Amino acid sequence: MEIVEMLDEIKRKAQKDTKLREEFLQTRAQENPLSAFCAKCRELGYPVYEMDVIAAGEEFYAAMKRSTNGGGENSPMLKAEDDFYELFFASL
């Protein structure tokens, strides 16, 4: 299962389970929120690591850039469009 699929599955579980959603929200208060988030994912049996989340966002954004304007750099970046970590919490 790819990282994006795992994050979607985890998000669906957290949306249905109030306790789990609160546990994920509490990770944002940790010293290193992304690491705490990934640790919580691994507790649930999903092999999610910090660089996987970061790389997935960057790869998604790079593919989007290549598909518009012939891959030119003149298309503006939308806020957090390459940040799957923030998108996860925005949709919770």
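Here's what I pulled together on the structure shown here. (Residues numbered from 1 in each chain as written. Predicted model: local features only at pLDDT ≥ 70, side-chain atom pairs only at ≥ 80, totals over all residues. Heavy atoms only, no water.)

Note on placement: Glu 23 falls in helix H2 (residues 18-27). Of the residues examined, Glu 23 reaches a relative accessible area of 22% and is grouped as partly exposed. A C-alpha to C-alpha distance of 9.1 Å links Glu 23 and Phe 37, two positions 14 residues apart in sequence. (Helix = DSSP H or I, 4+ residues; strand = E, 2+ residues; numbered from the N terminus. Buried < 20%, exposed > 50% of the residue type's maximum accessible area, 1.4 Å probe, protein only.)

Membership of the largest hydrophobic core comes to 19 residues, with the highest contact counts inside it found for Ile 3, Ile 10, Phe 24, Phe 37, Cys 41, Val 48 and Val 53. In terms of residue count, the dominant contributor to this core is helix H1 (residues 3-16) (five residues). Filtering out sequence-adjacent residues up to four positions away, Phe 24 remains in contact with Ile 10, Ala 14, Phe 37, Lys 40, Cys 41, Leu 44, Phe 88, Phe 89 and Leu 92. (Core = buried A, V, L, I, M, F, W, Y, C linked by side-chain atoms within 4.5 Å. Contact = heavy atoms within 4.5 Å.)

Attention now moves to the packing of aromatic side chains. For any pair of aromatic rings, geometry is given as the distance between the ring centres together with the angle between the planes. In the structure shown here, the tally under the stated rule is five aromatic pairs. Ring centres 5.4 Å apart and planes at 50° place the aromatic pair Phe 24 and Phe 37 in the tilted group. Here Phe 24 is found in helix H2, whereas its partner Phe 37 is found in helix H3 (residues 33-43), with 13 residues between them in sequence. Comparing Phe 24 with Phe 37, the two get one shared label, buried. For the pair Phe 37 and Phe 88, a centre-to-centre distance of 4.9 Å together with 65° between the ring planes defines the contact as edge-to-face. Here Phe 37 is found in helix H3, whereas its partner Phe 88 is found in helix H5 (residues 84-91), with 51 residues between them in sequence. Phe 37 gets classed as buried once you look at its relative accessible area, which sits at 0%. Each residue in the set Phe 24, Phe 37, Phe 88 and Phe 89 is aromatic and connected to the rest through ring pairs, giving one cluster. Across from the ring centre of Phe 89, 4.5 Å away, lies the NZ or CZ of Arg 28, which sits over that ring. (Phe/Tyr/Trp six-rings, centres within 6.5 Å; stacked < 30°, edge-to-face > 60°. Lys NZ or Arg CZ within 6 Å of the ring centre and 35° of its normal.)

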